[in-house]
Amino acid sequence: WDDHEVTNNWWPGEPLTRKISYYVGPKKYDVLKKLGHYQDQVMLYAYKGWGWFRGVCSACLWTLNKIYEFIPNYGIAIILLTLLVRVIFWPVTHKSSESMKKMQAIQPLVKELQAKYKGNPQKLQMETMALYKKHKVNPMASCLPMLVQMPVFIALFVVLRSAVELRFAPFLWVADLSEPEGLFEGMLPLIGSLNILPLVMTLTTFVQQKLTPTMGDPSQQKMMLLMPFFMLFIFYQMPSALVLYWSVSQVIAIVQLVWQQRRKEAKARA
C-alpha cells in the first residue's frame, strides 16, 4: 500500500497535484476489505445483483481462517469446516433422505397407477396425489432441502478454489492445497501425474450412490452410475483443497446414510 503524489504545471505558474493510492500484493480478502472503496469485490465472489452470495463466501472464508487460528493446518481446517457445515445441515439432509426412502417404498404402487391410467393423464395425476397424501409423502421434500444448502456448497467451492491462504499450504502428501497433488509428475502417460484425492472422491461418490434410495426407470439408474466417473473427469485437475472438501463431505454423507439404515433396521426388529 502506498500513496504517491504527482505534481506538474497545468498552466504556467499554477501547479496541479494528483494523489494516487495503490496496493500491490496477494488478493487476500481481509486486506482488501480494509482498503475500502469496494476493493474486496475484486475477489469476484459474486456477480452484480448477487451481493448476498458474496456474504456467504466471506462467512465461509472467515470460518476457515478462524479454525486455522486454533489448528494451524489448512487441511485439518477444511475437514473441520466440512464437518461443521454437515452438522448444521444434518436435519435438512436427514429429512431429504427419509423422504426419498418413502418415495422409493411406494414406487410399485405408483407404477400400478401409471399402468392403470395410462390413457388418462388427469386421472393419473389425481390418483397419484391421493396416493402421496395417503402415505404422507411429499414429492418435493427430497428436493427443497438440497436447494436450501446449495448456496453454502457453491460458496465453499468458490472459496476453496480461489483462497490465497491455501497457497503452499501442505497436508499429508499434498504439498500445495491450492494446486492438484501432481504426484510422479511427467512420469505417467496420458494423465501426466497421479492425484489420489479425486480417486478417493470417485470411490465415495460410488458408495453413496449405492446407499442412496433410487427412483426412476432402470435406464436412468444406469445413467447415474456414470456420475462418479464424470465427477472424476471434472475434479481431477481441481485444487486439492476443493477435492478434499468434497471427499470429506461424501464420507460424512455415507456415515449418515449407514446410520439411518441401521436405525431403520433396529426399529423393524423392535
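In this report, the structure presented in the accompanying data block is examined. (Residues numbered from 1 in each chain as written. Predicted model: local features only at pLDDT ≥ 70, side-chain atom pairs only at ≥ 80, totals over all residues. Heavy atoms only, no water.)

1. Observations concerning the state of the cysteines
Evaluated as defined, the whole model comprises zero disulfides. With no disulfide of its own, Cys57 lies closest to Cys60 among cysteine sulfurs, the gap being 6.5 Å. Cys57 gets classed as buried once you look at its relative accessible area, which sits at 0%. (Disulfide = S-S within 2.5 Å. Buried < 20%, exposed > 50% of the residue type's maximum accessible area, 1.4 Å probe, protein only.)

2. A look at the nonpolar core
Among the nonpolar cores identified, the biggest contains 38 residues, and Ile78, Leu160, Leu166 and Leu177 are the most heavily contacted of them. Apart from residues lying up to four places away in sequence, Leu166 is in contact with Tyr74, Ile78, Leu160, Asp176, Leu177, Ser178 and Ala241. (Core = buried A, V, L, I, M, F, W, Y, C linked by side-chain atoms within 4.5 Å. Contact = heavy atoms within 4.5 Å.)

3. Structural notes on the packing of aromatic side chains
The tally for this structure, following the rule as stated, stands at three aromatic pairs. Measuring from ring centre to ring centre gives 3.9 Å for Tyr68 and Tyr74, while their planes differ by 10 degrees; the resulting arrangement is stacked. Taking the relative accessible area as the measure of exposure, Tyr68 reaches 29% and is therefore partly exposed. On the basis of relative accessible area, Tyr74 is assigned to the buried category, the value being 8%. (Phe/Tyr/Trp six-rings, centres within 6.5 Å; stacked < 30°, edge-to-face > 60°.)

4. Description of the side chain of Asn65
Structurally, Asn65 is set in helix α2 (residues 51-70). The exposure class assigned to Asn65 is buried, which follows from its relative accessible area of 12%. Looking at Asn65, its side chain comes within polar contact range of the side chain of Glu165, at 3.5 Å. Not counting chain neighbours up to four residues away, the residues in contact with Asn65 comprise Asp30, Tyr74 and Glu165. (Helix = DSSP H or I, 4+ residues; strand = E, 2+ residues; numbered from the N terminus. Polar contact = N/O pair within 3.5 Å; in protein donor to acceptor, adjacent residues only side chain to side chain.)

5. Thoughts on unusual backbone geometry
In this structure, Phe168 takes a positive phi of about 60 degrees despite not being glycine. On the basis of relative accessibility, which here comes to 59%, the residue Phe168 falls in the exposed class. Positive phi outside glycine occurs at Leu172, with the angle close to 50 degrees. Structurally, Leu172 can be placed in the loop between α7 (144-162) and β3 (183-188).

Just geometry here; none of it tells us what the structure is for.
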